[in-house]
Amino acid sequence: MKIGFIGTGNMGAPMAANLAAAGHTVTAFDVAVSSQPDGLKAASSAAQAASDQDVVFTMLPNGEIVRAVAAEIVPAMASASPGAVFVDCSTIDVQSARAVAALAVENGLQALDAPVSGGVLGSTAGTLTFMVGGENEAFEKVKPLFDIMGQKAVLCGPTGNGQAAKICNNMISGASIAVLSEAFVLADKLGLDRSAMFNVVSTSSGSSWPLLNMCPAPGVGAPSPGDNNYKPGFSADLMLKDLRLSQQAAQDVDADTPMGKRACELYEEFVERGDGSGMDVTAIILAHEKRGRRADS
Ligand code: NAD
């Protein structure tokens, strides 16, 4: 296929490179990248990258930027290749996802929101999970490309539902990592060895994907960022972004999410007023280790 790819940062560059390596013709654009990875054709603007393509992907920082880029590329796509598919893989707010998809459809294009999980490692290895919102016809057309970049693509319903799945998942994992971290610190203070605690919890009702795959306590469980001075991995900054998106969505639809709200406050404290920026999401255990419960600690 002829593919446009806009936003070749940490995630986008390996995704685009994997598509090119599989034999597709990929034209890429990024405001801050002057030389694109091998195998990609470099465009001089987003509109140029998007023009005359079968599918155009965007992988951008936030909803505001996705809206601005969509306003630029939709007319270019519509005039050169009516019926082409616009696929936004960024993690953004549900409302922006629905707005850019509506703009694309109004202009005779197809649109999917397809945020990912799996991080830079998954992006490089081609093992991402895509959570997709949109029409089945567009999903089927793009599925072979999702299969190159990832190991799983799930159609979650209409436009915006990919983002909904992503922020619900990350609200669960953010709250889980925070409570896991505080539980290890409580265990320390009770004199319970961390390995013993892991051995029990990993096969008990408190077990979870974060415990088994990214245990905040270093030296315990599978190798994790904690074993590498909390170098990300998935950064605490990105978790804060996703938790904020979950709380914005909860506000918009009047959903009661007290655990998600508290997790968001904890990551705000850690990233913006603590040492968390640039560290892995599981480094929040360090903040719990520093704090006690009493006002004087
Ligand atoms: P990044 O900052 O490395 O890449 C974003 C790129 O977009 C940058 O290279 C930037 O120059 C480019 N860009 C910004 N404005 C642009 C514009 N107007 N036109 C063209 N290019 C523009 O970020 P990333 O880590 O690649 O993340 C991208 C998206 O994926 C984000 O929405 C993020 O939340 C999501 N995500 C990231 C991870 C991760 O582990 N990094 C995991 C899952 C999802």
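Everything here concerns the structure above.
Note that this is a predicted model, so its numbers are computed, not measured. (Residues numbered from 1 in each chain as written. Predicted model: local features only at pLDDT ≥ 70, side-chain atom pairs only at ≥ 80, totals over all residues. Heavy atoms only, no water.)

Some thoughts on the overall build of the protein
Worth spelling out the cut-off: By the criteria applied, helices consist of DSSP H or I runs no shorter than four residues and strands consist of E runs no shorter than two, each listed in order from the N terminus. When we talk radius of gyration, it's over C-alpha atoms, and the globule rule is simply 2.2 Å times the number of residues to the 0.38. Here's how the labels work: a residue is buried when its accessible area is under 20% of the maximum for its type, exposed when over 50%, partly exposed in between, all with a 1.4 Å probe on protein chains only. Note on contacts: a residue pair is in contact if any heavy atoms of the two residues lie within 4.5 Å. Only the protein chains shown count as cover for residues, with accessible areas throughout obtained via the Shrake-Rupley method and a probe of 1.4 Å. Charged residues are defined here as Lys and Arg on the positive side and Asp and Glu on the negative side; His and the ends of the chain fall outside this count. Where a charge sits is defined by one atom per residue type, namely NZ (Lys), CZ (Arg), CG (Asp) or CD (Glu).
Secondary structure assignment for the protein yields twelve helices and nine strands. Here the C-alpha atoms of the protein give a radius of gyration of 21 Å, agreeing with the 19 Å that 2.2 N^0.38 yields for 297 residues. Dimensions of the protein along its principal axes, counting C-alpha atoms only, are 65 × 40 × 35 Å. Expressed as a percentage of its 297 residues, the buried residues of the protein come to 49%. In the protein, once contacts between residues fewer than 6 apart in sequence are set aside, the share between residues at least 24 apart is 65%. Of the accessible surface of the protein, which amounts to about 13,700 Å², a share of 54% is contributed by carbon and sulfur atoms. In the protein, 20 side chains carry a positive charge and 31 a negative one; their mean positions are 5 Å apart.

What about the nonpolar core?
What tends to happen in soluble globular proteins is that the nonpolar side chains get buried as a cluster. For clarity, the threshold we go by: The term nonpolar core refers to a set of buried residues drawn from Ala, Val, Leu, Ile, Met, Phe, Trp, Tyr and Cys, joined through side-chain atoms within 4.5 Å.
Counting residues in each nonpolar core, the largest one holds 31 residues, and the members touching the most others are I177, F184, C215, Y267 and F270. At the level of secondary structure, the elements contributing two or more residues to this core comprise helix 7 (161–189), helix 8 (194–201), helix 10 (236–253), helix 11 (258–273) and helix 12 (284–290). The element that contributes the greatest number of residues to this core is helix 7, accounting for seven residues. M15, V55, A138 and F139 belong to the second largest nonpolar core, which has 29 residues in total.

Here we look at helix 11
For the record, the criterion: The span you would expect from a helix comes to 1.5 Å times its residue count less one. Directions from the helix axis toward the C-beta atoms define the arc.
Between its first and last C-alpha atoms helix 11 spans 21 Å; for 16 residues at 1.5 Å apiece the expected length is 22 Å, and the two agree. Regarding helix 11, the residues found buried are G260, A263, C264, L266, Y267, F270 and V271. Projected down its long axis, helix 11 shows its buried positions confined to an angular sector of 165°, all on one face. Here the buried face of helix 11 lies against helix 7, helix 10 and helix 12.

Remarks on the pairing of strand 1 (residues 2–6)
Rule in force here: Paired strands, as defined in this entry, are two strands with at least two bridges between them according to DSSP. A clockwise course of the path from the first strand over the helix to the second, judged with the strands pointing away from the viewer, identifies a crossover as right-handed.
The element strand 1 is largely enclosed, with a buried count of four among its five residues. For strand 1 and strand 2 (residues 25–29), the ladder comprises five bridges, and the chain directions are parallel. Counterpart to I3 in the pairing with strand 2 is V26. Crossover connection from strand 1 via helix 1 (residues 12–21) to parallel strand 2: handedness right-handed. Sheet analysis places strand 1 next to strand 4 (residues 55–58), joined by four bridges and oriented parallel. Directly across from F5, in strand 4, lies its bridge partner F57.

It is worth stressing that arrangement in space is one thing and function is another; only the former is reported here.
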